[in-house]
Amino acid sequence: MNVWKLTAPGKIECTQAENPAREEGKVRVRVTRVFLNGTDAAIFNGAIGTRRPLIPGRYAVGMVAEEGSVSYLPKGTRVLLHAVVDAPDTGTMPKDFSEDDFLLCGRTTDGFLRDLVNLSPENVTALPDSVNDEKALLLHHVALAKAAADKLGVRKGQHVAVVGANLLGILLCQLLIYQQAAPILIDDGPERLEFAKSCGIYYTMAADETLLGNVANVTGGRLVSGAVYLASSARNDPAIPFSVCAQHANVVLCGFGEKLSIDFAVPFRKQLSVFCVTHRSDNLEAAINLIVSGAVDVSAFDFRTLKPEALESLLSDGLNASARRLGTINTVSLL
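Not measured: the values here are computed from a predicted model.

S.K.: Pulling in residues and values, what's your account of the nonpolar core?
M.R.: If you look at the biggest cluster of nonpolar residues, it comprises 58 residues, and the most contacted ones within it are L139, L172, L176, L185, V228 and F301. Considering each element in turn, this core owes the most residues, nine residues, to helix α4 (residues 167-178). The residues touching L176, leaving out its near neighbours within four places in the chain, are A149, V154, V160, V162, A181 and P183. Core analysis: the second largest hydrophobic core is formed by 38 residues, L36, A42, C105 and L319 among them.

Written out as structure tokens, the structure is:
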């Protein structure tokens, strides 16, 4: 089978390997499509350090390749491959919690840019016909957006600030609108805010010196009832969610373990509750229901499908270029 590996910064190689041996209790999946984003490009270029060789590709869909011992996953079942898996138990006693209890596929463990993979049944989710591959590749983002929205605990009609007009920020705002909250999407890039408007986001505001006044105008001077800061959009000041919140609000820091430098003077003064939400493979069934019910709308995004031969150019140049072509989502077909 074909396996693509990152062997050095800026270098990806396609190698031939034996098909993985059958494992009792595992499901053999034929990987069909992989979604690559800016994180994959940063890992490829060495901006994000990781072990090498490493198989990239965190978000993937596939098809059960053969009949196995799992009756509810027969051959031909379309499945979402979970991007986050439990880390093996090292047996350390007493546990000092210095190790991660989960692994990120394509970053801290091998990803899915390969033809075949054996997975535990709990690490795949069967996909209904009503969710096509393109929507399925965004299910982890929808699940994370739901986790952030749940942690906020906002009620109908309340204003919420979302800092970061990237894919996750747009999906989170759509979900909050579906829950009848009133999100305000904040970013330092006017072109990103303009694209967000095409995705149905009512309130968008520039992260500049006019921000507090603009928020006050929308909220009647009360500021927002909660805020989410997306660490994947670190170009925006982490102090923004604290500054736009009213007293006693909830603030959610949402990310993948990025390093953030935060001054907590304002949260202390305002008595804010700060929560951290990171990527897990929870909420995926709920995310499917949200997509089927139309809670999020990805029709404004341009899904681009490439062949594996374009991987190196995509990771080195194409992903950076697509960041300027807002709304482009790059996927690689392994069929």
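S.K.: Can you break down helix α6 (residues 211-219) residue by residue, with the values?
M.R.: Three or more residues of α6 are buried, namely L211, V215 and T219. Across the axial projection of α6, the buried residues extend over an arc of 55°, all falling on one side. Against the buried residues of α6 lie β10 (159-163), β11 (182-187), β12 (203-206), β13 (224-230) and α7 (240-243).

S.K.: A description of the packing of aromatic side chains should follow, citing residues and the corresponding values.
M.R.: Enumeration according to the criterion identifies three aromatic pairs in this entry. Note on F195 and F301: the rings are 5.3 Å apart at their centroids and 75° apart in plane angle, and the pair reads as edge-to-face. In this pair, F195 is assigned in helix α5 (residues 190-198) and F301 in the loop between α9 (284-292) and β16 (302-306), connecting sequence segments 106 residues apart. On the basis of relative accessibility, which here comes to 14%, the residue F195 falls in the buried class. Ring centres of F242 and F264 lie 6.0 Å apart, and the angle between their planes is 45°; on these two criteria the pair is classed as tilted. Note that F242 is positioned in helix α7 and F264 in the loop between β14 (245-255) and α8 (265-270), a separation of 22 residues in sequence. Since its relative accessible area comes to 35%, F264 is described here as partly exposed.

S.K.: Can you break down the side chain of T125 residue by residue, with the values?
M.R.: Secondary-structure assignment places T125 in strand β9 (residues 124-126). A polar atom in the side chain of T125 sits 2.7 Å from the side chain of H82. In contact with T125, not counting residues within four places along its chain, are R78, V79, L80, H82, L284, E285 and I288.

S.K.: Outline the environment of N2, supporting the account with residue identities and numerical values.
M.R.: Turning to its location among the elements, N2 is positioned in strand β1 (residues 2-8). Taking relative accessible area as the criterion, N2 reaches 24% and is therefore assigned partly exposed. Separated by 227 residues in the primary sequence, N2 and Y229 have C-alpha atoms spaced 39 Å apart. At 2.4 Å, the side chain of N2 forms a polar contact with the side chain of Q16.

S.K.: Summarise the pattern of salt bridges; cite the residues concerned and give the values.
M.R.: Taken as a whole and assessed by the stated rule, the structure comprises 14 salt bridges. R192 is paired through a salt bridge with D187; the nearest N and O atoms lie 2.8 Å apart. Note on R192: relative accessible area 16%, which makes it buried. Residue classification places D187 among the buried residues on the basis of a relative accessible area of 0%. Note that K197 is salt-bridged to E194, the shortest N-O span being 4.0 Å. In this pair, K197 and E194 are both assigned in helix α5, three residues apart and thus about one turn of the helix distant. Taking the relative accessible area as the measure of exposure, K197 reaches 43% and is therefore partly exposed. Each of D187, D188, E191, R192 and R235 takes part in one network of salt bridges that share partners.

Thresholds applied
- Residues numbered from 1 in each chain as written.
- Predicted model: local features only at pLDDT ≥ 70, side-chain atom pairs only at ≥ 80, totals over all residues.
- Heavy atoms only, no water.
- Core = buried A, V, L, I, M, F, W, Y, C linked by side-chain atoms within 4.5 Å.
- Buried < 20%, exposed > 50% of the residue type's maximum accessible area, 1.4 Å probe, protein only.
- Helix = DSSP H or I, 4+ residues; strand = E, 2+ residues; numbered from the N terminus.
- Contact = heavy atoms within 4.5 Å.
- Arc of directions from axis to C-beta.
- Phe/Tyr/Trp six-rings, centres within 6.5 Å; stacked < 30°, edge-to-face > 60°.
- Polar contact = N/O pair within 3.5 Å; in protein donor to acceptor, adjacent residues only side chain to side chain.
- Salt bridge = Lys/Arg side-chain N within 4 Å of Asp/Glu carboxyl O.

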